[in-house]
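# Tertiary structure, described
Each chain is listed here by its residues.
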Amino acid sequence: MKRILITGAAGFLGSHLCDRFIAEGYHVIGMDNLITGDLKNIEHLFKLDRFEFYHHDVTKFVHVPGELDYILHFASPASPIDYLKIPIQTLKVGSLGTHNLLGLARVKGARILIASTSEIYGDPLVHPQTEEYYGNVNTIGPRGVYDEAKRFQESITMAYHTFHNVETRIVRIFNTYGPRMRLNDGRVIPAFIGQALRGEDLTVFGDGSQTRSFCYVDDQVEGIYRLLLSDYHLPINIGNPDEISILDFAREIIKLTKSDQEIIFKDLPINDPLQRCPDITKAQTILGWQPKVGRSEGMMKTFEYFQKFSDTELLKEEHKDFSKFIY
Ligand code: UDP
């Protein structure tokens, strides 16, 4: 039986990846320090013999007994609000954490896939973003702690590939959504859905003309799965190229949730990218992958997930008005 270590296992993407590799028959070792992850995302796996969990911070030396075939490094805060609250942990998990896991991959002879991001393109001047684009990042802006950690992560991963012959894979993840996102992470989808469920107005930052392209989590997981098992070691974009402005997206949410909320406008956060859309030609040609779930289907599933939250959960102060955090 193949053995895989998944860091960030209790997080949004990490927990869906644990499910996928369990379903594929793997022995899954989940690791998380639970700063932004939540055990309820993987609670259902604890009864399985093929699942183990280590409560561990990967910025400290990582030890896993026994053999390892694969490592997926998905531990990291991943929302602008988190970077603001825990900037140093964000820098450390992308840099020191990645270094530890590459070292582990080397001694175990394991193949390692690291989670990079469309944020390495910064506020992109090339549109849609191809893997060849080097990006436009403000190193000292509020997003710099994440963007630069992820850029360093790609560099050190390539260095382990060329210098130590470690088998490495790099996925550049574009905005991904679905069940198990955190209601209070400040990202636009849980923010808008939470507002709609509480009967509050939807907060659009700036004039809402900035664009994003949202990928449903099942599609993202399929792309990552295929990349891990491929023989392609250069970075590859995984995302849904169906681009929409945030203002139009807010209107879509109002329709979808059949709510009669108004849209209100708040200040645009510093360095908020004006446009983002993946060029997925490489994923299509090299992995035979493309997204299958459209926004209305994916958003409906996500909305249904959040609808199950209790009123007390939805009404918690920490889930409301993220504009107060905006720098
Ligand atoms: N956004 C918004 N209202 C909110 C939360 C976010 O208009 O309540 C905007 C945000 O300014 C950005 C877009 O939605 O332009 C996506 O934000 P998110 O934090 O989800 O992801 P990222 O900016 O990292 O792509």
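Residues numbered from 1 in each chain as written. Predicted model: local features only at pLDDT ≥ 70, side-chain atom pairs only at ≥ 80, totals over all residues. Heavy atoms only, no water.

Secondary structure assignment for the chain yields ten helices and 13 strands. For the chain, whose C-alpha radius of gyration is 19 Å, the value lies close to the compact-globule estimate of 20 Å for 327 residues. Taking the principal axes of the C-alpha coordinates as reference, the chain spans close to 55 × 45 × 35 Å. In the chain, buried positions account for 57% of the 327 residues. Of all intrachain contacts in the chain linking residues separated by at least 6 positions in sequence, the fraction that spans at least 24 positions is 81%. (Helix = DSSP H or I, 4+ residues; strand = E, 2+ residues; numbered from the N terminus. Rg over C-alpha atoms; globule rule 2.2 N^0.38 Å. Buried < 20%, exposed > 50% of the residue type's maximum accessible area, 1.4 Å probe, protein only. Contact = heavy atoms within 4.5 Å.)

Here we come to the UniProt feature "domain: NAD-dependent epimerase/dehydratase" (unreviewed entry) in the chain. UniProt annotation of "domain: NAD-dependent epimerase/dehydratase" (unreviewed entry) refers to residues 4–230 when read in the numbering used here. Helix makes up 37% of residues 4–230 and strand 19%. Its end C-alpha atoms lie 16 Å apart. (UniProt positions renumbered as here; feature names shortened; annotations may be inferred.)

For the rest of this paragraph, the subject is the packing of aromatic side chains. Summed over the entire model, instances satisfying the criterion amount to 15 aromatic pairs. With a centroid separation of 6.0 Å and an interplanar angle of 20°, the aromatic rings of tyrosine 121 and tyrosine 133 are classed as stacked. Of this pair, tyrosine 121 sits in the loop between strand 5 (111–117) and helix 4 (144–164) while tyrosine 133 is found in the loop between strand 5 and helix 4, placing the two residues twelve residues apart along the sequence. Across the pair, exposure class does not vary: tyrosine 121 and tyrosine 133 are buried alike. Here phenylalanine 306 and phenylalanine 309 contribute two aromatic rings whose centre-to-centre distance is 5.4 Å and whose plane-to-plane angle is 35°, an arrangement assigned as tilted. These aromatic residues form a ring-pair network of at least three members: Tyr177, Phe192, Phe214, Tyr216 and Phe249. Over the aromatic face of tyrosine 225 sits the side chain of arginine 20, whose NZ or CZ is 4.2 Å from the ring centroid. (Phe/Tyr/Trp six-rings, centres within 6.5 Å; stacked < 30°, edge-to-face > 60°. Lys NZ or Arg CZ within 6 Å of the ring centre and 35° of its normal.)

The tally for this structure, following the rule as stated, stands at 20 salt bridges. Across the pair arginine 20 and glutamate 24 runs a salt bridge whose closest N-O atoms are separated by 2.9 Å. Take glutamate 24: its relative accessible area is 36%, and that puts it in the partly exposed class. With a closest N to O distance of 2.8 Å, arginine 212 and aspartate 272 form a salt bridge. With a gap of 60 residues between them, arginine 212 in strand 9 (residues 211–213) and aspartate 272 in the loop between strand 13 (263–266) and helix 8 (281–287) connect regions that are remote in the sequence. Here the residues in one salt-bridge network are Glu119, Arg143, Arg212, Asp272 and Arg276, joined through shared partners. (Salt bridge = Lys/Arg side-chain N within 4 Å of Asp/Glu carboxyl O.)

Further remarks concern the site of the ligand. In the region of the ligand, 18 residues are neighbours, and Thr203, Phe205, Arg212, Asp272 and Arg276 sit closest. A distance of 2.8 Å separates an oxygen atom of the ligand from a polar atom in the side chain of arginine 143. Within the side chain of arginine 187, one N or O atom sits 2.9 Å away from an oxygen atom of the ligand. Across the complex, the protein chains shield 97% of the 520 Å² of accessible surface that the ligand would expose by itself. Where the shell around the ligand is concerned, the elements lending two or more residues are helix 5 (188–198) and strand 8 (202–205). Here the shell around the ligand is built from residues that sort into eight nonpolar, four polar and six charged. (Near = heavy atom within 4 Å. Polar contact = N/O pair within 3.5 Å; in protein donor to acceptor, adjacent residues only side chain to side chain. Areas by Shrake-Rupley, 256 points an atom, 1.4 Å probe, with all protein chains shown as cover. Nonpolar A, V, L, I, M, F, W, Y, C, P; charged D, E, K, R; others polar.)

Moving on to helix 3 (residues 87–108). Taking 1.5 Å of rise per residue, 22 residues should cover 32 Å, and helix 3 covers 31 Å from first to last C-alpha, within 8% of that figure. The largest bend along helix 3 measures about 35° and falls at valine 93. In the core, the buried residues of helix 3 are packed alongside strand 1 (3–7), strand 4 (70–73), helix 2 (80–85), strand 5, helix 4 and strand 6 (168–173). Taken from the residues just after helix 3, glycine 109 is the one with a positive phi, measuring 65°. (Expected span 1.5 Å × (residues − 1). Bend = angle between axes of the 7 residues up to and from the residue.)

This paragraph deals with the sheet that holds strand 1. Strand order in the open sheet made by the seven strands is 3-2-1-4-5-6-11, with parallel pairing throughout. Two strands close off the open sheet at either side, each with one partner strand: strand 3 (51–55) and strand 11 (236–238). Across the sheet, the mean angle from the axis of one strand to that of its neighbour is 20°, orientation sign disregarded. Sheet topology places strand 4 next to strand 5; four bridges connect them, and they run parallel. Bridged to tyrosine 70 within strand 5 is arginine 111. Its contacts with the sheet place helix 1 (residues 12–23) against strand 1, strand 2 (27–32), strand 3, strand 4 and strand 6, and it is angled at close to 170° to strand 1. (Pairing = 2+ DSSP bridges. Axes fitted to C-alpha atoms, helices over the stretch in contact; angles between N-to-C directions.)

The subject of this paragraph is the nonpolar core. If you look at the biggest cluster of nonpolar residues, it comprises 60 residues, and the most contacted ones within it are Ile4, Phe21, Val28, Leu72 and Phe74. With seven residues, helix 7 (residues 246–256) is the largest single contributor of residues to this core. Among all residues touching leucine 72, those that are not within four sequence positions of it are Ile4, Leu5, Ile6, Thr7, Leu17, Phe21, Leu113 and Leu228. Core analysis: the next-biggest nonpolar cluster, separate from the first, contains 21 residues, Val58, Val64, Leu101 and Ala110 among them. (Core = buried A, V, L, I, M, F, W, Y, C linked by side-chain atoms within 4.5 Å.)

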